[in-house]
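Each chain is listed here by its residues.
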Amino acid sequence: MTQSAARPLTIAYSPCPNDTFVFDAWAHGRIPGVPAPAVTFADIDITNGMAERGESDVLKVSYAVLPWVLDDYALLPCGGALGRGCGPLVLTREPGAAKDLAGKTVAVPSERSTAYLLFRLWAAAEVPGGVGEIRVLPFHEIMPAVRDGLVDAGLVIHEARFTYQNYGLHSLADMGEHWELTTGLPIPLGAIIAKRSLGAERLRELADAIRTSVRMAWDDPAASRPYVLEHAQEMDPRVADQHIGLYVNEFTADLGEDGYAAVRGLLTRAAAEGLVPPLGPNALEFA
């Protein structure tokens, strides 16, 4: 890959185990002929905003933010997070049913996230009259807020699938399960995007580098272990392994037909509900 002498390529992704696992080889310059990028760690709600402001060459963002950024960024066909059985959960203090959320306050980590779109599509179908107030809270505050009665329910993602019982909470509904049952498609969660101004050849080189980084992580998982655990925010190593196993899969290496169908399906349905702007006809095309 050619590299400008002026500065290294900039990339921003989360400290979550799936991202550090995927990008470990590239971030540490272990891919022959591919210079290591300058890495910024930020949660996905932060990288979503960075993308809207054009603040990095490459970013991991929520698929939900694509309608706002695809004029300037291209969706890369690899490196992201899609899958099955890995959707966001709605948690409550007591067991219940979807109808119990009617008019209730729900904490969410972001209103520009795939989790939020999946939640709103689920609620439109399953909660008579709809939910009440939506309260945006930092991810780590959501489960304590539900536990302490500050909100009626919380929308959680990632490792919370494995830890919510530690807070005495109950899973009211699985957004991914609803999505898969109604569409038959995988759940589109996080996307890798790169600036279109880099040019078509450079975008293809980036996609190749990311695929190589993924395959190197699969071939030698122990190599990425220090990087993963360094940034896992005191996560139990077993939970980190579960996290990687859930979110790094064949769609990470290549979106493929099902992956692209899932992305189009999510954003088309969300646009029909007025949650995002409609996509242009060629918006998801790669270089």
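As the structure is a prediction and not an experimental result, all values here were calculated from the model. (Residues numbered from 1 in each chain as written. Predicted model: local features only at pLDDT ≥ 70, side-chain atom pairs only at ≥ 80, totals over all residues. Heavy atoms only, no water.)

Undergrad: Which parts of the structure should I look at to understand the nonpolar core?
TA: Nonpolar side chains in soluble globular proteins tend to be buried together. By size, the foremost hydrophobic cluster in this structure holds 57 residues, and its most contacted members are Tyr63, Leu66, Val90, Leu101, Phe119 and Trp122. At 8 residues, helix α4 (residues 114-126) tops the list of elements feeding residues into this core. Counting 32 residues, the second largest nonpolar core, distinct from the first, contains Leu9, Phe23, Ile210 and Val228. (Core = buried A, V, L, I, M, F, W, Y, C linked by side-chain atoms within 4.5 Å. Buried < 20%, exposed > 50% of the residue type's maximum accessible area, 1.4 Å probe, protein only. Helix = DSSP H or I, 4+ residues; strand = E, 2+ residues; numbered from the N terminus.)

Undergrad: Looking at this model, I keep getting lost on the pattern of salt bridges. Mind explaining?
TA: Where charged atoms of side chains with opposite charge meet at close range, the side chains can pair. Within the structure shown, the criterion is met by 12 salt bridges. In this structure, the salt-bridge partner of Lys60 is Asp19, at a minimum N-O distance of 2.5 Å. With Lys60 in strand β3 (residues 58-62) and Asp19 in helix α1 (residues 17-27), the pair connects residues that are 41 residues apart, well separated along the chain. A single burial state applies to Lys60 and to Asp19, both of which are buried. Residues Arg211 and Asp208 are paired through a salt bridge, measuring 3.6 Å at the closest nitrogen-oxygen approach. Of this pair, Arg211 and Asp208 both sit in helix α8 (residues 200-219), 3 residues apart, roughly one helical turn. (Salt bridge = Lys/Arg side-chain N within 4 Å of Asp/Glu carboxyl O.)

Undergrad: Mind showing me how you'd approach the pairing of strand β2 (residues 38-41) here?
TA: Consecutive residues of a regular strand have side chains that alternate between opposite faces of the sheet. Alignment of strand β1 (residues 10-13) against β2, held across 4 bridges, turns out to be parallel. Bridging across to β2, Ile11 finds its partner in Val39. Regarding the hand of the β-α-β motif, the stretch spanning β1, α1 and β2 is right-handed. (Pairing = 2+ DSSP bridges. Right-handed = clockwise from strand over helix to strand, strands pointing away.)

Undergrad: What should I look at first to understand the packing of aromatic side chains in this one?
TA: For any pair of aromatic rings, the description consists of the separation of the ring centres together with the inter-plane angle of the planes. Under the counting rule described, the total for this entry stands at 5 aromatic pairs. Here the aromatic rings of Tyr13 and Phe23 are separated by 4.6 Å at their centres, their planes lie at 15 degrees, and the arrangement is stacked. Of the two residues, Tyr13 is situated in strand β1 and Phe23 in helix α1; the sequence distance between them amounts to 10 residues. Under the relative-accessibility criterion, Phe23 is labelled buried at 1%. Looking at Tyr13, the relative accessible area reads 1%, which means it is buried. (Phe/Tyr/Trp six-rings, centres within 6.5 Å; stacked < 30°, edge-to-face > 60°.)

Undergrad: How should I be thinking about the sheet that holds strand β10 (residues 170-174) in this particular structure?
TA: Strand pairing in a sheet relies on backbone hydrogen bonds, with the paired strands running either antiparallel or parallel. Pairing is mixed across the open sheet formed by 5 strands, whose spatial order is β8-β7-β9-β6-β10. Edge positions in the open sheet fall to β8 (134-136) and β10, since each of these has one partner strand only. Each strand axis lies, on average, 30 degrees off the axis of its neighbour in the sheet, ignoring direction. Summarising the sheet, strand β6 (residues 89-92) and β10 pair through 4 bridges and their orientation is antiparallel. Residue Val90 lies in a different strand from β10, and its bridge partner there is Ala173. Most of the contacts of helix α5 (residues 139-147) go to strand β9 (residues 153-156), to which it runs at about 150 degrees, and overall it touches β6, β7 (106-108) and β9. (Axes fitted to C-alpha atoms, helices over the stretch in contact; angles between N-to-C directions. Contact = heavy atoms within 4.5 Å.)

Undergrad: What is the right way to read the confidence of the model for the protein chain from this model?
TA: Low-confidence regions, as indicated by low pLDDT, have predicted coordinates that should not be scrutinised in detail. For the protein chain, the average pLDDT comes to 92, and 97% of its residues sit at 70 or higher. No element of the protein chain has a lower mean pLDDT than helix α6 (residues 160-163), which averages 82, and none a higher one than β1, which averages 98. (pLDDT = per-residue confidence, 0-100.)

Undergrad: Whenever I open this one, helix α12 (residues 256-272) confuses me. Can you help?
TA: Every α-helical turn comprises 3.6 residues, leaving residues that sit three or four positions apart pointing alike. Taking 1.5 Å of rise per residue, 17 residues should cover 24 Å, and α12 covers 24 Å from first to last C-alpha, within 8% of that figure. Once α12 ends, the next one or two residues include Gly274, with phi positive near 75 degrees. (Expected span 1.5 Å × (residues − 1).)

Undergrad: So what exactly am I meant to see when it comes to α8 here?
TA: With 20 residues, α8 should reach 28 Å at 1.5 Å per residue; the first-to-last C-alpha distance of 29 Å fits that figure. When we look at burial in α8, the residues that qualify are Arg202, Leu203, Glu205, Leu206, Ala207, Ala209, Ile210, Arg211, Ser213, Val214 and Ala217.

Undergrad: Any chance you could explain the packing of α4 against α12 here in plain terms?
TA: Packed helices, taken two at a time, are described by the angle between their axes plus the distance between the axes. Their axes nearest at 10 Å, the elements α4 and α12 cross at an angle of 60 degrees. Classed by the angle they form, the pair α4 and α12 counts as oblique. Considering how the two elements wind past one another, α4 and α12 form a crossing that is left-handed. In this structure, α4 contributes Thr114, Leu117, Leu118 and Leu121 to the contact, and α12 contributes Leu266, Leu267, Arg269 and Ala270. Residue composition of the contact of α4 with α12, grouped by class: 6 nonpolar, 1 polar and 1 charged. (Parallel < 35°, antiparallel > 145°, perpendicular 65-115°, else oblique. Left-handed = near helix turned anticlockwise from the far one by under 90°. Nonpolar A, V, L, I, M, F, W, Y, C, P; charged D, E, K, R; others polar.)

Undergrad: Mind showing me how you'd approach the environment of Thr212 here?
TA: By the element assignment, Thr212 lies in helix α8. Under the relative-accessibility criterion, Thr212 is labelled partly exposed at 31%.

Undergrad: Would you take a moment to explain the packing of helix α7 (residues 175-183) against α12 for this structure?
TA: At a minimum axis separation of 12 Å, α7 and α12 run at an interaxial angle of 100 degrees. Of the possible angle classes, the one that applies to α7 and α12 is roughly perpendicular. Together, Trp179, Thr182 and Thr183 of α7 and Ala262, Gly265, Leu266 and Arg269 of α12 make up the contact between the two elements. For the contact of α7 with α12, the residue count by class is 3 nonpolar, 3 polar and 1 charged.

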